[in-house]
Structures are given as C-alpha cells and as structure tokens.
Amino acid sequence: MMDSLEEIARLVSRCADCDLHRGRTNAVPGEGAADAELMFIGEGPGSQEDLQGRPFVGPAGRFLDELLASIGLRRDRVFIANMVKCRPPQNRDPLPAEIGACSKYLNRQIELINPRLIVTLGRFSLARFFPGESISRARGRLRERDGRRIYPVMHPAAALYRQEMRSAIVEDFQRIPTILEEARRQPALQPEPVVEETPPPEQMSLF
Ligand code: URA
Ligand code: SF4
C-alpha cells in the first residue's frame, strides 16, 4: 500500500477520509519528478487546481513558475504537493481535522521522494514542521527537522499582490540554489520515519 506516487494519486482521487471530498471536482495529489531533489509544499488546491486536478496552476501557480524560472528550475524537475489534496470551500483555511486526515498521503510522498530540501510555502506547511512559529520570523532561514532540511518561505498567493512580501519571497528563492548546492555536498541526513497517529484498536472479541 502506498508503494509509489502513482498509487498515492490513485488513493487520493478516491479518498473520502474528510469532508473536503464532498466539494471537490478533482483531487490534487501533487506532481513532479519522483526523484526530485527539491520538494515544495503548499496549502491546498484553489479553484483552478480543483478544476484541473493539478497543483499551483492558477495565479499563485504562475507566480511560482516565475520564481522557479528565476533560479533556473522548471516545475517538472521538482515535486509540488499540498497539505490537503482537496479544495476547501471558498478557499477557506484547511481545518486541523482535514490536515490530520490528509497527512498520511503527504508523509508518504515525502518518504518516497526523499528530497534533499523541502521548501514550505506559507504558514500551514510551516506548521507541519514547526508548529506555532510565525512565518515572518521563520521565512528565509534553513532549518533541520526530523532529519530533513526545511526552508520556509511565504505563500506565493500571499506575496503576489503585496510589493513588500513579493520582494521577500523573490529574495528567499534566490538563496535556494546555494542551499541545494550545500545540501548536495553534505552527507545525507537520516530522516526519521513519520509515526502516524493510529486510532485505538477495535476491542477484540474472543467469540
Ligand atoms: N495554493 C496552494 O497552496 N496550493 C495550490 O496548489 C494552489 C494554490
Ligand atoms: Fe482525503 Fe485529503 Fe481529500 Fe480529505 S483532503 S478527502 S483526507 S484526499
């Protein structure tokens, strides 16, 4: 089970483990290179993503493509995923229960891709690694967590129309090639397996 990215995408497309499945047109499992050195984690699908079943294909996605191009990267060389795979109604924030129900997919994607560097986009994926930290403090600083290199940046949708934030995210992206280069030179970290919270076992009956 969940032995490949394709298998995860199949499971996600049929998933009904939280209420977000009710409003979706298409689930958005994420996409990119299975052997990507660099993985981006956003928040959740918006309306274009829901219609197309692909991550970051609306206005925020065009900005992300620009940011990638500015550092010589194409989206098919990286992997792009989200915290939740189905669109929250009216683009509201995903609820803790929805993030919790969906985390098994992202956790396994991270394990299978095993990227050298994870770039978190915005506060929800930041909280996946550093709960309670503010994005304005955390952004643009490389960190380690559970044996993984994490580089938090702002969400491109938040930065799109605000000049100050826009300069900040552009600046933070400019540092990615150097961070990646340094990560390549260092020995691989030893990622810790993610321990899923499992529900209590059913009461066993002897009869
Ligand atoms: N915003 C996100 O966080 N993810 C997407 O896929 C699109 C917009
Ligand atoms: Fe399943 Fe995640 Fe979609 Fe919820 S958001 S239905 S957990 S795939």
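In what follows, the structure referred to is the one given above.
Fair warning: this is a prediction, and the values are worked out from it, not measured in the lab. (Residues numbered from 1 in each chain as written. Chains lettered and ligands numbered in written order. Predicted model: local features only at pLDDT ≥ 70, side-chain atom pairs only at ≥ 80, totals over all residues. Heavy atoms only, no water.)

Q: Just checking my understanding: could you explain the pairing of strand S6 (residues 148–153) for this structure?
A: On a regular strand, each side chain points to the face opposite its neighbour's, so the side chains alternate between the two faces of the sheet. The element S6 is largely enclosed, with a buried count of 6 among its 6 residues. Side chains Arg148, Ile150 and Pro152 project from S6 onto one buried face, and the interleaved Arg149, Tyr151 and Val153 project onto a second face that is buried too. Across 4 bridges, strand S4 (residues 117–121) lies against S6 in parallel orientation. Paired with Ile118 across the two strands is Ile150, which belongs to S6. Relative to S6, strand S5 (residues 143–145) runs antiparallel, the two being bridged by 3 bridges. Each bridged residue has a counterpart across the sheet, and for Arg143 the counterpart in S6 is Ile150. Joining the antiparallel neighbours S5 and S6 is a turn of 2 residues, in which Asp146 adopts a positive phi near 50°. (Buried < 20%, exposed > 50% of the residue type's maximum accessible area, 1.4 Å probe, protein only. Helix = DSSP H or I, 4+ residues; strand = E, 2+ residues; numbered from the N terminus. Pairing = 2+ DSSP bridges.)

Q: Explain the sheet that holds strand S1 (residues 31–32) to me, please; I cannot follow it from the model alone.
A: Sheets are built from strands paired through backbone hydrogen bonds, the pairs being either parallel or antiparallel. The 6 strands lie next to each other as S1-S3-S2-S4-S6-S5, forming an open sheet whose pairing is mixed. Only two strands of the sheet have a single neighbouring strand rather than two, namely S1 and S5. Sheet analysis places strand S2 (residues 38–42) next to strand S3 (residues 79–82), joined by 4 bridges and oriented parallel. Paired with Met39 across the strands is Phe79, a residue of S3. Contacts between helix H5 (residues 96–113) and the sheet are confined to S2, S3, S4 and S6, with S2 contributing the most and set at about 170° to the helix. Of the strands in this sheet, S2, S4 and S6 touch helix H10 (residues 176–185), which is tilted by about 150° from S4. (Contact = heavy atoms within 4.5 Å. Axes fitted to C-alpha atoms, helices over the stretch in contact; angles between N-to-C directions.)

Q: It is not clear to me how the site of ligand 2 should be interpreted in this structure. Could you clarify?
A: Within the structure, ligand 2 sits among Cys15, Asp17, Cys18, Leu20, His21, Arg24, Lys85, Cys86, Ala101, Cys102 and Tyr105. Of all the secondary-structure elements, those providing two or more residues to the shell around ligand 2 are helix H2 (20–23) and H5. For the shell around ligand 2, the per-class residue count stands at 7 nonpolar, 1 polar and 3 charged. (Near = heavy atom within 4 Å. Nonpolar A, V, L, I, M, F, W, Y, C, P; charged D, E, K, R; others polar.)

Q: So what exactly am I meant to see when it comes to the packing of helix H4 (residues 59–70) against helix H9 (residues 163–174) here?
A: For any two helices packed against each other, one specifies the crossing angle of their axes together with the interaxial distance. With their axes 9 Å apart at the nearest point, H4 and H9 run at an angle of 40° to one another. With respect to each other, H4 and H9 are oriented oblique. Viewed along their axes, H4 and H9 form a crossing whose handedness is right-handed. Across the interface between the two elements, Phe63, Leu64, Glu66, Leu67, Leu68 and Ser70 from H4 touch Arg166, Ile169, Val170, Phe173 and Gln174 from H9. For the contact of H4 with H9, the class distribution of residues is 7 nonpolar, 2 polar and 2 charged. (Parallel < 35°, antiparallel > 145°, perpendicular 65-115°, else oblique. Left-handed = near helix turned anticlockwise from the far one by under 90°.)

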